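This is what each chain is made of:
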Amino acid sequence: MYTVADLKKGLKITLDGDPYVVIAFDFAKPGKGQALYRTKMRNMITGSILDRTYRSGETFEPASLEDRKMQFLYKEDEHFVFMDNQTFEQYHMDEDSVGDAKNYLIDNLPVDLLLFKDKAIAVDVPNFVNLRVTQTDPWVKGDTSGSDSKPATVETGYVLRVPPFIEEGELIVIDTRTGEYSTRVKG
Amino acid sequence: MNVNWSLARKAARLAARAEIVHHTREFFRTEGYLEIDTPLLIPAPAPESHIDAIPAGGLYLHTSPEICMKRLLAADYGKIFQICHCWRSGERGSRHLPEFTMLEWYRAHSDYLDLMTECVNLLRHIVTAYGGTSTISYNGLSIDLQGEWQKISVREAFLIHAGITMEQALEEGVFDELMTEKIEPRLGIRTPTFIYDYPAERGALARLRQDDATVAERFELYIAGMELANAFSELTDAEEQRQRFREESSSRVKRGQSPYPLPGPFLEELDRMPPSAGIALGMDRLIMLLTGAHTIDEVVAFTPEEL
């Protein structure tokens, strides 16, 4: 059982028998009034979006989902293919279901695949992944424009802002929860 | 170890923050206010049913400096201000931190209408001194501080934006929801907006209107849909205050929250307090508005999660 204090982006709950994931969450408190928890949730099967406002004291059922350790194998046409590390069973997911995780999927990446009635409906990637920078403009020494970041493309095609000192070919650590650059991999 | 980049890149915002706080102090000094510094650890926070204090070593971290500042008013400190950290348990969102910075000021022989005028002067001063213009640009909006500021009563706001009366909203228990979803986002869009005369039960420390006891002399200031400040004509009737604290306490107990001890010295001295008005303004939010920050996280050096 979850309470409103557990609400956060990514929390998975059951509503009317369907699994939902919280995709946006904010705390609101009209002056001197009670705390309100405004959530936007996505039905993990149909993809439909639901807005709900909760008050403190309300509770939620966790979604009855099965988490399995798998690895990402490869992308085939519009499908992403994963393999269960124990049973070697393969699971396919389309791009929509994979969501932002596609930015971090490189071959053999260990992931948690979420199964609902034996269908893969979501993929959780590690909080931090190492990806190689495939394109970024060089840093002009003595640049005084004052910009503290520049765009870089990594091997999955994902584009993000990195500090100016990052060079092409470098391995960087990305925080997959925010999609932001975290640090560079030394050596 | 590489430099903590998310911290390092806040440098410009933190410099802006320091400057905005400086201009705030400048305004109050020029206006003859005394800056004071009351204890953050207090034995008895004001019992408000929806604000939770954090217990600390048998005392509480204050949720606002209100109780101590009013005791100063009762001892004839006529114009006082304070910029301090306040704590409210469980409040965390894009505009909330459980530890945040409050600007609070009080003036004797004044009411909430005087504070509206002072808000106008304060914000015009800060915004012009900081940004060199009298316009706030936020979230694609351009909010003009120079012209007349909009004023709307809570009653009018419910009729116009929520389509039901304030009384209906209270009766159906949807006052807070409608305020958050329908009304707040529409306030402070072209000019800053004062929304005033809240239902009497929504102002535990506010004076009721003489000509209409169903509402309290209370206003909130909104800019770009964001609540920035909350003000009252202060209640000075100690007996009435004691009664309201009892009611707030019992409503806390009913909801399973622990009651606070009553602030005894405050209640004893309240009768000596001259008619006064007081206001609390969220400094972090003001800094968000002036620096274009979308979340409160961007304007503080550390969020609780980063400690």
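Here the structure is a predicted model, which is why all the values come from computation and not from measurement.

**Observations regarding the overall build of chain A**
For step 1, the next point in the chain: Of the regular secondary structure elements, chain A holds one helix and 16 strands.
For step 2, the next point in the chain: The principal-axis extent of the C-alpha atoms belonging to chain A is close to 55 × 55 × 25 Å.
For step 3, the next point in the chain: Between the mean site of the 23 positive side-chain charges and the mean site of the 31 negative ones, chain A shows a separation of 8 Å.

**Notes on the interface of chain A and chain B**
For step 1, the next point in the chain: Taken together, the contact between chain A and chain B spans 22 residues of the former and 25 residues of the latter.
For step 2, the next point in the chain: Summing both partners gives a buried area of about 2,100 Å² for chain A against chain B, and 47% of it is carried by carbon and sulfur.
For step 3, the next point in the chain: By the criterion of area lost to chain B, the three top residues of chain A are A:Phe27, A:Lys29 and A:Lys32, representing 33% of everything that side buries.
For step 4, the next point in the chain: Viewed at the interface, chain B and chain A are joined by three salt bridges.

**Brief notes about the nonpolar core**
For step 1, the next point in the chain: Counting 51 residues, the largest nonpolar core has B:Leu103, B:Trp105, B:Ile136, B:Phe219, B:Leu281 and B:Leu286 as the members making the most contacts within it.
For step 2, the next point in the chain: Here B:Ile136 is in contact with B:Val127, B:Leu141, B:Ser142, B:Ile143, B:Leu145, B:Ile223, B:Leu289 and B:Leu290, once residues within four sequence places are set aside.
For step 3, the next point in the chain: A:Val111, A:Val125, A:Ile172 and A:Ile174 belong to the second-largest nonpolar core, a separate cluster that totals 30 residues.

**Considering the pattern of salt bridges**
For step 1, the next point in the chain: If you walk through the whole model with that rule in mind, you get 32 salt bridges over all chains.
For step 2, the next point in the chain: The partner of B:Glu305 in a salt bridge is B:Arg92, with the nearest N and O atoms 2.9 Å apart. Here B:Glu305 is found in the segment after α10 (283–291), whereas its partner B:Arg92 is found in the loop between β5 (79–87) and β6 (99–108), with 213 residues between them in sequence.
For step 3, the next point in the chain: Of the residues examined, B:Glu305 reaches a relative accessible area of 52% and is grouped as exposed.
For step 4, the next point in the chain: Two residues, B:Arg207 and B:Glu217, come together in a salt bridge whose shortest N-O distance is 2.8 Å. With B:Arg207 in the loop between β10 (193–199) and β11 (208–209) and B:Glu217 in strand β12 (residues 212–223), this pair connects stretches of sequence that are ten residues apart.
For step 5, the next point in the chain: We classify B:Glu217 as buried; its relative accessible area is 9%.
For step 6, the next point in the chain: Members of the salt-bridge network, linked through shared partners, are A:Glu66, A:Arg68 and A:Asp84.

**Concerning helix α2 (residues 11–30) of chain B**
All names here are of chain B.
For step 1, the next point in the chain: The end-to-end C-alpha distance of α2, which contains 20 residues, comes to 29 Å, matching closely the 28 Å that a straight helix rising 1.5 Å per residue would cover.
For step 2, the next point in the chain: Listing the buried residues of α2 in full gives Ala16, Arg17, Ile20, Val21, His23, Thr24, Phe27 and Phe28. On an axial view of α2, the arc spanned by its buried residues comes to 160 degrees, and they lie on one face. Those residues of α2 that are exposed and aimed more than 90 degrees away from the buried face are Ala12, Arg29 and Thr30.
For step 3, the next point in the chain: Where α2 terminates, the next one or two residues include Gly32, which has phi positive at roughly 80 degrees.

**Considerations on the sheet that holds strand β15 (residues 171–175) of chain A**
Hydrogen bonds between backbone groups are what pair the strands of a sheet, and the pairing can be parallel or antiparallel.
Residues and elements named next belong to chain A.
For step 1, the next point in the chain: Read from one edge to the other, the open sheet built from five strands follows the order β14-β13-β12-β15-β16, with strand pairing classed as antiparallel. Edge positions in the sheet fall to β14 (159–162) and β16 (180–184), since each of these pairs with one other strand and no more. Recorded for the sheet is a direction-independent mean angle of 55 degrees between the axes of neighbouring strands.
For step 2, the next point in the chain: Pairing analysis gives four bridges linking β15 to β16, with the strands arranged antiparallel. Each bridged residue has a counterpart across the sheet, and for Ile172 the counterpart in β16 is Arg184.

The rules we used
- Residues numbered from 1 in each chain as written.
- Chains lettered and ligands numbered in written order.
- Predicted model: local features only at pLDDT ≥ 70, side-chain atom pairs only at ≥ 80, totals over all residues.
- Heavy atoms only, no water.
- Helix = DSSP H or I, 4+ residues; strand = E, 2+ residues; numbered from the N terminus.
- Lys, Arg positive; Asp, Glu negative; His and termini not counted.
- Charge placed at Lys NZ, Arg CZ, Asp CG, Glu CD.
- Contact = heavy atoms within 4.5 Å.
- Buried area = accessible area lost by both parts, 1.4 Å probe.
- Salt bridge = Lys/Arg side-chain N within 4 Å of Asp/Glu carboxyl O.
- Core = buried A, V, L, I, M, F, W, Y, C linked by side-chain atoms within 4.5 Å.
- Buried < 20%, exposed > 50% of the residue type's maximum accessible area, 1.4 Å probe, protein only.
- Expected span 1.5 Å × (residues − 1).
- Arc of directions from axis to C-beta.
- Pairing = 2+ DSSP bridges.
- Axes fitted to C-alpha atoms, helices over the stretch in contact; angles between N-to-C directions.

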